[in-house]
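Structure assessment
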There are 2 protein chains.
Amino acid sequence: MTNQTQTADRARPVRERLIDCASELFYAEGIRAISADRIIAGVGTTKATFYRHFPTKDDLVLAYLHGKADWERTAITAAADTPDAYDALGGVVGVLANSSCQPGFRGCPFINAGAEYADVTHPVRRLVAEQRQWWTDFFRSLAERLGVPAGAPADSAAGQIMMLRDGALVAGYLDDPALVEANLTKAITAVTAP
Amino acid sequence: MTNQTQTADRARPVRERLIDCASELFYAEGIRAISADRIIAGVGTTKATFYRHFPTKDDLVLAYLHGKADWERTAITAAADTPDAYDALGGVVGVLANSSCQPGFRGCPFINAGAEYADVTHPVRRLVAEQRQWWTDFFRSLAERLGVPAGAPADSAAGQIMMLRDGALVAGYLDDPALVEANLTKAITAVTAP
DNA sequence: GTCTATAAGAAGATAGAC
DNA sequence: GTCTATCTTCTTATAGAC
């Protein structure tokens, strides 16, 4: 065992630990609900160090959302990486439904961030828009794999599946997560049926 | 013209004016983003008067959400009050799509409140759950009017339509509101098809 | 019921020593 | 790069006069 591994937790750069702690707290309780002070206390550092790494709190918020975006893209890309289009769909629905059932699930971090950031020109909102565009593009290509004709039909299918994705994550948070998988599967099947 | 009408704006009880001002600001910018001070200044009253009417800020938040719930129930009930089930569906979709296209649209106030209130036992979250139950019940009966068999099939249809409603409101806020009506209509038609 | 004044704490952010 | 100490502003909420 290397020294690095032994002291990994304390040796990990403060910057990373700040992002990890912020990710947990921002997602669990909301961004405005969490002060910089609470993250500083959670990591065990000081204000000065915090603001040396992140000039403003919003810079840390952006780092948090970038991490969530990376996770989503990796997980969804992997779930869809199979030859059969229906398996790919099942894999994607599985990731969404499974996430919804995890303890501490609080819905989509980007929808939640949108609720807290009203200014559409704010960097947070730009990142939200980017990530939603990624999802829409992903669903368009999945729809095409499922046999929906490219062009307007696939665009429309992508929009409809995106609505279902959003609704599934909202339902997983505010309603009954146990119903998400069945309802989402049925609905996506219906909107992509020939 | 009565004296009441002439002085309506200033004579309207402070309590109502506080709720109206709060509704605009909470919805437009987020609940935690708006301080009691800003609402007090918006109405032109004082802290003491504010806290006499609403012991805590959360009491005003609840009044705001009650107002939104009343509006939704009234508008949706009216839109569905027609003999033909497809007209009723069109009316409901019309209300949702039209709302999404209004300037200042910020999505569903209950989804947004859920993002800001993480404690499921908080009165705000209880109100959110109540209003979502109302919607689900409404969609279940609409699905039955559209020919979906009562029981499990109507329950499932209600869950799927609810996902689409949520997704439509999210899309109207974070994506392109102009696409909401067509996509929502197609998707609900698909999930309720025999 | 409404006002002025103020408490008491938390918020985001910075100065300057080490 | 990190620390102690501090600044300024904002936040929810109250006391006591009228």
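This structure is a prediction, so every number in the text was calculated from the model and none was measured.

1. Thoughts on the interface of chain A and chain B
- Counting residues at the interface gives 37 residues for chain A and 38 residues for chain B.
- Taken over both partners, the interface formed by chain A and chain B buries close to 2900 Å², and the fraction arising from carbon and sulfur atoms is 63%.
- On the chain A side of the contact with chain B, A115, M163 and L174 of chain A bury the most area, a combined 21% of that side's loss.
- Our enumeration of links across chain A and chain B arrives at two salt bridges.

2. Side note on the protein's contact with DNA strand C
- Surveying the vicinity of DNA strand C reveals 15 residues, the closest of which are A36, K47 and Y51 of chain A together with A48 and R52 of chain B.
- Note that a base nitrogen of DNA strand C is positioned 3.4 Å from one of the side-chain N or O atoms of K47 of chain A.
- At 3.2 Å, a side-chain N or O of T49 of chain B approaches a phosphate oxygen of DNA strand C.
- Mapped onto the surface near DNA strand C, the elements with two or more residues apiece are α5 (47-53) of chain A together with α5 (47-53) of chain B.
- Here the surface near DNA strand C gets five residues from one element, more than from any other, and that element is α5 of chain B.

3. Details of the packing of helix α6 (residues 57-79) of chain B against helix α9 (residues 123-145) of chain B
Residues and elements named next belong to chain B.
- Running from N to C, α6 and α9 cross one another at 5 degrees; their axes reach a closest spacing of 10 Å. In terms of orientation, α6 lies roughly parallel with respect to α9. Each of V61, L62, L65, H66, A69, E72, R73, I76 and T77 in α6 lies in contact with α9, whose residues at this interface are P123, V124, L127, E130, Q131, W134, W135 and F138.
- Taken together, the residues of the contact of α6 with α9 sort by class into 11 nonpolar, three polar and three charged.

4. So, the protein's contact with DNA strand D
- Around DNA strand D lies a shell of 17 residues, among which A48 and R52 of chain A together with A36, K47 and Y51 of chain B are the nearest.
- Near the protein, meaning within 4 Å, the atoms of DNA strand D are sugar or phosphate in a fraction of 45%, with bases accounting for the rest.
- In this structure, H53 of chain A approaches DNA strand D through a side-chain N or O atom, which is 3.2 Å from a phosphate oxygen.
- Taking K57 of chain B, its main chain carries an N or O atom lying 3.0 Å from a phosphate oxygen of DNA strand D.
- The biggest single contributor to the surface near DNA strand D is α5 of chain A, with five residues.

5. Some words on the relation of the copies chain A and chain B
- In screw terms, the move from chain A to chain B is a rotation of 180 degrees and a rise of 0.0 Å along the axis, fitting with an RMSD of 0.0 Å. Such a combination of turn and shift is consistent with a two-fold rotation axis. Among all residues of chain A, the minimum C-alpha distance to the rotation axis is found for G167 of chain A, at 2.4 Å.
- A share of 100% of the interface residues of chain A reappears at the interface of chain B, consistent with the copies meeting face to face through the same patch.

6. Regarding the UniProt feature "domain: HTH tetR-type" (unreviewed entry) in chain A
- Per the UniProt record, "domain: HTH tetR-type" (unreviewed entry) is found at residues 12-72 of chain A.
- Note that residues 12-72 of chain A is 77% helix and 0% strand, and that its end C-alpha atoms are spaced 24 Å apart.

Rules and cut-offs
Residues numbered from 1 in each chain as written. Chains lettered and ligands numbered in written order. Predicted model: local features only at pLDDT ≥ 70, side-chain atom pairs only at ≥ 80, totals over all residues. Heavy atoms only, no water. Contact = heavy atoms within 4.5 Å. Buried area = accessible area lost by both parts, 1.4 Å probe. Salt bridge = Lys/Arg side-chain N within 4 Å of Asp/Glu carboxyl O. Near = heavy atom within 4 Å. Polar contact = N/O pair within 3.5 Å; in protein donor to acceptor, adjacent residues only side chain to side chain. Helix = DSSP H or I, 4+ residues; strand = E, 2+ residues; numbered from the N terminus. Axes fitted to C-alpha atoms, helices over the stretch in contact; angles between N-to-C directions. Parallel < 35°, antiparallel > 145°, perpendicular 65-115°, else oblique. Nonpolar A, V, L, I, M, F, W, Y, C, P; charged D, E, K, R; others polar. Least-squares fit on C-alpha atoms with pLDDT ≥ 70 in both. UniProt positions renumbered as here; feature names shortened; annotations may be inferred.

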